Amino acid sequence: MPASSLDQIVSLCKRRGFVFPGSEIYGGLANTWDYGPLGAELKNKVKREWWDTFVRSRSDVVGLDSAIFMNPKVWEASGHITSFTDPLVDCKSCKERFRGDKLLEEKLGIDAAAVLKLDQVKAMLDAEEVNCPNCGKRDWTEAKQFNLMFKTKQGVVANEGDDIFLRPETAQGIFVNFLNVLQTQRPRLPFGIAQIGKAFRNEITPGNFTFRTREFEQMEIEYFVDPAEVDSAFDNWQKAVWQWYTGLGIDEEHLRIREHSAEELSHYSSKTVDIEYNFPWGWAELFGLASRGDFDLSQHEKFSGQELKYTDPNDPEKKFLPHVVEPSFGCDRAVLTFLLEAYTEEELENGDVRTVMKFDKRLAPVDVTILPLSKKEPLIEKAKEIHTSLLKETRLNIDFDVTGSIGKRYRRQDEIGTPLCVTVDFGTIGEDAKQGDADTVTIRDRDTLKQERIPVGKLREKIAEHWKQ
Ligand code: ATP
């Protein structure tokens with residue numbers, strides 16, 4: 001059972017150190033979020049899983065890490081200067097700004113951006129009696145196009161024409177390096193180039209926690225194929241991505257595929273499907289898969305003057321621009337989905353309710369926690385010794401928690417989703433025969449709540465077994 005309200009997740013994230021409001025001691029900065037110690041660990045694991053699955057374990061995909069700042073011509077070529085816009089309306093009464101298309105979408109369930117022209121938005125808002133969600137009045141301005149790219153100046157002295165943009169997607173960093181990768185790696189079609197990195201969009205209506213923010217991280221692949229193979233590549237990626245999410249614990253029932261209508265397609269795309277997740281506020285985009293044709297490479301050829309064609313290794317006379325299938329993941333949206341999906345409230349036999357984050361064990365921020373039953377010597381010393389040796393012998397994140405009653409500590413570990421807890425008690429140090437034989441510990445499974453007494457010497461093997469399952 002995933003979380004039924006976003007508030008449950010926001011509150012758990014703050015309480016346990018997954019996600020904090022940005023710049024909090026200064027009163028915050030709207031819609032910015034900072035990943036805390038556990039959130040950073042979770043997010044890194046999501047990125048690691050992604051990179052392992054789609055880059056390292058495939059022979060047809062390589063990675064790169066390109067700069068956020070790019071030559072402004074890139075954004076002319078990509079169409080972002082002219083087309084990366086949203087229709088913006090202001091409420092004249094309270095001065096709040098909204099996306100006109102989103103207001104209509106909420107009211108009518110249509111994709112207004114796709115079916116309406118800019119000068120029709122206000123008339124439609126009035127005709128459909130759409131009131132300002134902030135003050136309740138209806139006094140809209142005409143809609144105007146608003147470019148979503150953040151603009152800044154480069155250099156010490158800012159001159160006209162020095163405008164530079166924070167990239168709104170990571171994809172273009174891949175296209176501008178297409179030739180470099182061709183020349184250095186000599187890949188054969190089909191092949192992909194992947195990268196993970198920050199993107200920035202001056203969203204008019206950010207919100208729903210980390211779902212829509214102005215600074216976020218993407219995980220994108222540009223997969224270059226022979227034009228005749230676009231359809232099969234598209235299908236294969238759709239399946240691979242679906243498998244990635246479900247393999248890491250997202251219930252299939254909470255996912256659906258939605259294909260974009262012809263009107264809705266972006267300027268570069270001939271086919272797009274979104275994978276949507278059933279968020280607490282309804283179905284919304286988690287991931288996008290687009291068939292971009294040769295739009296980007298041909299635009300960059302035109303604007304840069306560089307030839308970007310691929311030469312068929314079997315026929316040097318055959319030179320062409322490959323077509324592109326683009327799987328585009330939002331990293332923060334993926335993390336949010338894993339958080340929502342992991343959230344579980346369970347009624348125990350004694351009637352208590354425990355909150356447990358049932359992360360897939362590859363994603364749980366902490367892998368194993370060592371819990372000494374007491375702070376007394378020599379018990380604590382023994383627990384520290386076990387902790388240190390596990391840290392040395394495994395590549396797992398092994399934590400140590402000594403504060404509070406053992407019951408409270410189990411609850412804390414459940415709430416952060418730690419798959420295994422190891423309790424070191426007086427039996428371990430041979431001081432209490434009732435608790436167990438000397439040199440044994442109790443290992444507790446987060447999901448089954450099963451507790452097993454095992455020799456300290458077998459701990460490493462037992463943990464490794466758990467990760468193999
Ligand atoms: P939306 O329709 O939600 O604005 P989009 O179609 O503009 O998204 P894409 O340009 O396809 O999004 O970006 C690819 C992915 O990047 C999205 O599927 C999403 O996971 C993520 N993403 C896009 N915008 C944001 C944002 N403002 N905050 C967080 N993640 C985002």
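That block above? That's the structure.
None of these values were measured; they are calculated from a predicted model.

### Observations concerning the overall build of the protein
Of regular secondary structure, the protein possesses 15 helices and 23 strands. C-alpha extents for the protein along the principal axes are approximately 80 × 65 × 50 Å. The buried share of the protein, taken over its 469 residues, is 49%. Within the protein, contacts between residues separated by at least 24 positions form 64% of all contacts whose residues are at least 6 apart in sequence. Entry remark: accessible area of the protein is about 22800 Å², with carbon and sulfur atoms responsible for 47%. The positive charge centre, built from 63 side chains, and the negative charge centre, built from 79, are 4 Å apart in the protein.

### Describing a nonpolar patch on the surface
Nonpolar side chains collect at one region of the surface, where L108, I110 and V115 lie side by side and expose about 210 Å² of accessible area between them. Residue L108 is classed as partly exposed on the basis of its relative accessible area of 32%.

### A word on the packing of aromatic side chains
If you walk through the whole model with that rule in mind, you get 25 aromatic pairs. Judged by centre distance (6.2 Å) and plane angle (85°), the rings of F175 and F224 are edge-to-face. Highlighted residues: F175 in helix α8 (residues 171-175) and F224 in strand β10 (residues 215-225), separated in sequence by 49 residues. Taking relative accessible area as the criterion, F224 reaches 0% and is therefore assigned buried. With centroids separated by 4.9 Å and ring planes inclined at 80°, the aromatic side chains of Y277 and F279 adopt a geometry described as edge-to-face. By relative accessible area, Y277 is classed as buried at 1%.

### Points about helix α10 (residues 230-247)
The terminal C-alpha atoms of α10 lie 25 Å apart, and with 18 residues this matches the ideal 26 Å at 1.5 Å per residue to within 8%. Along α10, the positions that sit buried rather than exposed are V230, A233, F234, W237, A240, V241, W242, W244 and Y245. In the segment just after α10, G249 is the residue with positive phi, at about 105°.

### Structural notes on the pattern of salt bridges
In the structure shown here, the tally under the stated rule is 43 salt bridges. Between D163 and K151 there is a salt bridge, with the nearest N and O atoms lying 3.7 Å from each other. Of the two residues, D163 is situated in strand β8 (residues 163-165) and K151 in strand β7 (residues 151-153); the sequence distance between them amounts to 12 residues. Residue K151 is classed as exposed on the basis of its relative accessible area, which comes to 55%. Salt-bridge contacts for E301 lead to K309; the nearest nitrogen and oxygen are separated by 3.0 Å. With relative accessibility at 29%, the residue K309 sits in the partly exposed group. Taken together, the salt bridges that share partners define one network made up of R256, R258, E264, D274 and E276.

### A few points about the environment of K95
One can find K95 in the loop between β4 (85-90) and β5 (97-99). For the pair formed by K95 and D139, sequence separation is 44 residues and the distance between their alpha carbons is 10.0 Å. In this structure the side chain of K95 is engaged in a polar contact, spanning 2.9 Å, whose partner is the backbone oxygen of K92.

### Structural notes on the sheet that holds strand β23 (residues 451-455)
The five strands are arranged β20-β19-β21-β22-β23 in an open sheet whose pairing can be described as mixed. Each edge of the sheet is formed by a strand with only one pairing partner; in this case those strands are β20 (398-400) and β23. Pairwise comparison of adjacent strand axes, ignoring direction, gives a mean angle of 25° for this sheet. For strand β19 (residues 368-372) and strand β21 (residues 420-424), the ladder comprises five bridges, and the chain directions are parallel. Looking at the pairing, V368 lines up with L420 of β21.

### Thoughts on the sheet that holds strand β6 (residues 144-147)
Pairing is antiparallel across the open sheet formed by three strands, whose spatial order is β5-β4-β6. Each of the sheet's edge strands pairs with one partner strand only, and the pair in question is β5 and β6. With strand direction ignored, the average angle separating the axes of adjacent strands in the sheet is 50°. Across three bridges, β4 lies against β5 in antiparallel orientation. Following the sheet pairing, D90 is matched in β5 by R97. With respect to the sheet, helix α5 (residues 100-108) is in contact with β4 and β5, its orientation differing from that of β5 by roughly 65°.

### Let's talk about the pairing of β10
Counting buried residues in β10 gives 10 out of 11 residues, a clear majority hidden from the surface. Note that strand β9 (residues 191-200) and β10 share 10 bridges and pair antiparallel. Its bridge partner being in β10, K198 is matched across the sheet by E217. With six bridges joining them, β10 and strand β16 (residues 323-330) adopt antiparallel strand pairing. Paired with E220 across the two strands is S328, which belongs to β16.

### Thoughts on the site of the ligand
Within the structure, the ligand sits among 14 residues, and E203, R212, T213, E285 and S328 are positioned closest to it. Contact between the ligand and E203: a nitrogen atom at 2.8 Å from a side-chain N or O atom of the residue. In the model, a nitrogen atom of the ligand is placed 2.8 Å from a nitrogen or oxygen of the T213 main chain. Here the ligand, which alone exposes 580 Å², has 83% of that area covered by the protein. Listed by contribution, the elements that provide at least two residues to the shell around the ligand are β10, β13 (282-293) and β16. Looking at which element gives the most residues to the shell around the ligand, the answer is β13, with four residues.

### Thoughts on the environment of H323
Here H323 lies in strand β16. Each C-alpha atom of the pair H323 and G293 lies 4.5 Å from the other, and the pair is 30 residues apart in sequence. In contact with H323, not counting residues within four places along its chain, are Y223, F224, V225, P227, V230, G293 and D294.

Basis of the calculations
- For every chain, the first residue of the written sequence is number 1, and numbering continues from 1 along that sequence.
- The predicted nature of this model means local features are confined to residues of pLDDT at least 70 and side-chain atom pairs, given and counted, to a pLDDT of 80 or more, with totals for whole chains, interfaces and linings taken over all residues.
- Think of the side-chain values as coming from all heavy atoms in the structure, minus any hydrogens and water.
- Helix and strand labels come from DSSP, where a helix needs a run of H or I of at least four residues and a strand needs a run of E of at least two; each type is numbered from the N terminus.
- Residue burial is assigned from relative accessible area. The probe radius is 1.4 Å, only protein chains are included, and a residue is buried under 20% of its type maximum, exposed over 50%, and partly exposed in between.
- A contact between two residues is defined here by any heavy atoms of the two lying within 4.5 Å.
- Reported accessibility uses the Shrake-Rupley method at a 1.4 Å probe radius. Residues are deemed covered only where the shown protein chains occlude them.
- In this charge count, Lys and Arg are treated as positive and Asp and Glu as negative; neither His nor the chain ends contribute.
- Think of each charge as sitting on NZ of Lys, CZ of Arg, CG of Asp or CD of Glu.
- Within this analysis, patches are made of residues with over 30% relative accessible area and no salt bridge. Like charges are joined at 9 Å or less; nonpolar side chains (Val, Leu, Ile, Met, Phe, Trp, Tyr) at 5 Å or less.
- Salt bridges are counted wherever a side-chain nitrogen of Lys or Arg sits within 4 Å of a carboxyl oxygen of Asp or Glu.
- Only Phe, Tyr and Trp rings are paired, with Trp represented by its six-membered ring, and only when their centres lie within 6.5 Å; those with planes under 30 degrees apart are stacked, over 60 edge-to-face, the remainder tilted.
- Each residue after the first adds 1.5 Å to the expected span of a helix.
- N or O atoms closer than or at 3.5 Å make up a polar contact, with two conditions inside protein: a donor-capable atom paired with an acceptor-capable one, and, for residues adjacent in sequence, both atoms drawn from side chains.
- Following DSSP output, two strands are said to pair if at least two bridges run between them.
- Structural elements are reduced to axes, namely lines fitted to C-alpha atoms, with helices fitted over the stretch in contact, and the angle between N-to-C directions of any two is expressed from 0 to 180 degrees.
- Note on terminology: near, applied to a residue and a molecule or strand, indicates that one of the residue's heavy atoms is within 4 Å of it.

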